[in-house]
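Listed below are the residues making up each chain.
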Amino acid sequence: MSKLSEIPIKVEVYDALSDWEVHTGEGENVIAKRMKGRFRTLKNFGMSVWLIYFLGPYLRWDGHQAVLLDIPKQQFHLFGLTLYPQDIWVLSLTLLFFAILLAAATSIAGRVFCGYFCFQTVWTDVFTFIESQFEGNTPQKQRKFNAAPLTANKAIRKLGKHVVWLAIAILTGISFSAWFTDAYQLWGDIFSLQAATPVWVAMGIFTFFTYWFAGFMREQVCFWLCPYARLQGVMYDQETVLPAYDAVRGEPRGKLSRSGVQEANKGSCIDCKLCVAVCPTGIDIRKGQQEGCITCGLCIDACDSIMDKINEPRGLIRYASHKELHQGQTKVSLWKRPRVIVYSLIMAFSIIGVGYGFTHFEPTEFNVVHERRPLYIQMSNGDIQNKYTLKLLNKTDQPLVVNYHIEGLPSASVEGLEQGITIQPGKIVPVTALVRLPSDTTSSGLHEFDFVATSEGNSAISNRYKAVFIAP
Ligand code: SF4
Ligand code: SF4
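Residues numbered from 1 in each chain as written. Chains lettered and ligands numbered in written order. Predicted model: local features only at pLDDT ≥ 70, side-chain atom pairs only at ≥ 80, totals over all residues.

Draft legend 1. Molecular detail of the overall build of the protein chain. Tallying secondary structure elements over the protein chain gives 17 helices and 16 strands in all. In terms of C-alpha radius of gyration, the protein chain reaches 33 Å, well past the compact-globule figure of 23 Å for 472 residues. Considering the protein chain as a whole, with its 472 residues, one finds that 26% of them fall into the buried category. In the protein chain, the proportion of contacts linking residues at least 24 apart, taken out of those at least 6 apart, comes to 70%. (Helix = DSSP H or I, 4+ residues; strand = E, 2+ residues; numbered from the N terminus. Rg over C-alpha atoms; globule rule 2.2 N^0.38 Å. Buried ≥ 20, exposed ≤ 12 C-beta atoms within 10 Å, placed from the backbone. Contact = placed C-beta atoms within 7 Å.)

What follows is the structure, encoded as structure tokens:
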């Protein structure tokens, strides 16, 4: 494999351009130009996934909210399934899958999460779109509008923008709360000012931070506040493809003449700066990869549109790896990259686990606790008694009527196993069982037997717990 130093011409070109900088937010806010293109369409698609956040809580399943995180009852309802704290491992594996997916995506294609899906960049994109509708649909018009003296027209347009921003921020807060309580009821509670305190607190926090972060802070959140942005550098390697400027092809830059002809002996870049104008974080990607780049690809769209106009091939700015640009190496197959293989294996493990979990949920969970102090007692008539506490969790959404009995100790008598115990959904009704064996027929040591719980009217629900009887 060749080293960078062995390819002096290319490295010199990149070194000459390299100018690592961070747009610190001082001075004028970034006002990015909007234009169509492949990556803008992809970004719009990624953004549209967030509609699930707003609409998901209103989805019904079997007459109930399809997805509901019921924290007071410690239940997570998911399309007819109810998960309890005991099932947390399935949720943990789901989170593991998405965490590793994020790492894998970053390793393969950089901060694609930031560029196409992150709530901060998505909300900022929506807020700046609204701003452009009120204040001018080009950066030039917006700058002119902002520099103009305050008039009634300007005040009304500014006010309109902030009203729409606030409406979205409030809706964001309400939508968050709607995942944790009945969504339809929530609206009634809010309008009648009857909502619980946590709802008002969540709404207030989300409204404030959405309005502030998306309306005012914008790319500064990515630069200064987001921990994930800091972490991603360690997930890159020289094979990670990122939006990058092909300096060997683009340099030296030349201007177009008035007649639209490129200067002689110049590269493909005509220094139109459209790639900078569209960048939501104010970066000039021609100076090399920058900390603020969220890999949204909008500069690629911009440059491709220029290349089309000057009849040059597209791809002066393109998704390319360090090795491709600096060493001329063709793309390395994903399956030859160890970290991608490791990420894939972890994802496969977690998705298999999640699949197993979702297909093996039991409608009940049955546990029996053997009294330890004392392990047994000897009754006045000589019988040996062990004490147990039976706990059956009803994970269905219907009350269960449960009968208990024991199997495997033919000479035992049992006290406390009442029949027809009603257990409400999500509840446990502890039952104390006293199991006795006559001492003359009981050898010392451990005697295995089963507690059996069956549901009246639902033979499919039957649980068995292996217990031991201890005799001196
Ligand atoms: S440099 Fe290009 S890819 Fe990076 S944030 Fe700016 S527009 Fe997006
Ligand atoms: S859009 Fe393309 S041609 Fe225009 S300045 Fe950027 S890299 Fe050069």
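Following the structure, the description resumes.
Draft legend 2. Molecular detail of the sheet that holds strand 5 (residues 81–83). Spatially, the 3 strands line up as an open sheet ordered 3-4-5, and their pairing is antiparallel. Across the chains shown, the open sheet's two edge strands, defined by having one partner strand only, are strand 3 (67–70) and strand 5. The average undirected angle you get between the axes of adjacent strands in this sheet is 15°. With 4 bridges joining them, strand 3 and strand 4 (residues 75–78) adopt antiparallel strand pairing. Considered in strand 4, the bridge of L68 is made with H77. (Pairing = 2+ DSSP bridges. Axes fitted to C-alpha atoms, helices over the stretch in contact; angles between N-to-C directions.)

Draft legend 3. Just the site of ligand 1, in detail. Surrounding ligand 1, one finds 14 residues, the nearest of these being P243, C279, C293, C296 and C299. A per-class count over the shell around ligand 1 returns 11 nonpolar, 3 polar and no charged. (Near = placed C-beta within 6 Å. Nonpolar A, V, L, I, M, F, W, Y, C, P; charged D, E, K, R; others polar.)

Draft legend 4. Broad picture of the site of ligand 2. Residues in close proximity to ligand 2 total 15 residues, the closest being C269, C272, L274, C275 and C303. Counting only elements with at least two residues in the shell around ligand 2, the list comes to helix 14 (274–277) and helix 15 (298–309). When residues in the shell around ligand 2 are grouped by element, the largest group, 3 residues, is from helix 15. Of the residues that constitute the shell around ligand 2, the class distribution is 11 nonpolar, 1 polar and 3 charged.

Draft legend 5. Region of interest: unusual backbone geometry. With omega at -10°, the peptide bond leading from E251 into P252 counts as cis. Looking at the element boundaries, P252 is found in the loop between helix 13 (247–250) and helix 14. A cis amide bond links R373 with the next residue in sequence, P374, at an omega value of 0°. Looking at the secondary structure, you find P374 in the loop between strand 8 (364–370) and strand 9 (377–378). Positioned with a positive phi, D62 is a non-glycine residue whose angle comes to about 60°. Here D62 lies in the loop between strand 1 (60–61) and strand 2 (64–65).

Draft legend 6. Fine view of the packing of helix 6 (residues 119–135) against helix 10 (residues 197–217). Taken N-terminus to C-terminus, the directions of helix 6 and helix 10 make an angle of 70°; their axes are 8 Å apart at the nearest point. Taken together, the axes of helix 6 and helix 10 are roughly perpendicular relative to one another. Facing Q120, W123, T124 and F127 of helix 6, the residues of helix 10 in contact are T210, F213, A214 and G215. (Parallel < 35°, antiparallel > 145°, perpendicular 65-115°, else oblique.)

Draft legend 7. Here's a closer look at the sheet that holds strand 15 (residues 445–455). Here we have 4 strands laid out as an open sheet, ordered 13-11-15-16, and antiparallel in their pairing. The open sheet terminates on both sides in strands that have one partner only, identified here as strand 13 (421–423) and strand 16 (458–471). Put simply, the sheet's adjacent strands are angled 35° from each other on average, direction ignored. Relative to strand 15, strand 11 (residues 400–407) runs antiparallel, the two being bridged by 6 bridges. What sits directly across from Y404, in strand 15, is A453.

Draft legend 8. Up close: the domain arrangement of the protein chain. The domain architecture assigned to the protein chain consists of domain 1 (237–330) and domain 2 (364–471). Placing a centre on the C-alpha atoms of domain 1 and another on those of domain 2 gives a separation of 73 Å. (Domains from an automatic or database assignment.)

Draft legend 9. Highlighting the pairing of strand 4. Joining the antiparallel neighbours strand 3 and strand 4 is a turn of 4 residues, in which Q74 adopts a positive phi near 55°. Pairing between strand 4 and strand 5: 3 bridges, direction antiparallel. By the bridge assignment, H77 is partnered in strand 5 with T82. Following strand 4, the chain reverses through 2 residues before pairing antiparallel with strand 5; F79 in that reversal takes a positive phi of roughly 45°.

Draft legend 10. View of the UniProt feature "transmembrane region" (unreviewed entry) in the protein chain. Those places that UniProt annotates as "transmembrane region" (unreviewed entry) correspond, in this numbering, to residues 42–59, 88–109, 163–181, 193–214 and 340–358. Spanning residues 88–109, this segment combines 100% helix with 0% strand, and its end C-alpha atoms are found 31 Å apart. The span residues 163–181 carries 84% helix and 0% strand; its end-to-end C-alpha distance comes to 27 Å. (UniProt positions renumbered as here; feature names shortened; annotations may be inferred.)

Draft legend 11. Representation of the pairing of strand 11 within the structure. What you see with strand 11 is a clean split: L400, V402, Y404 and I406 sit on the buried side and V401, N403, H405 and E407 on the side with no burial. The sheet contact formed by strand 11 and strand 13 spans 3 bridges and is antiparallel. Across the sheet, residue V402 finds its bridge partner in strand 13, namely I421.

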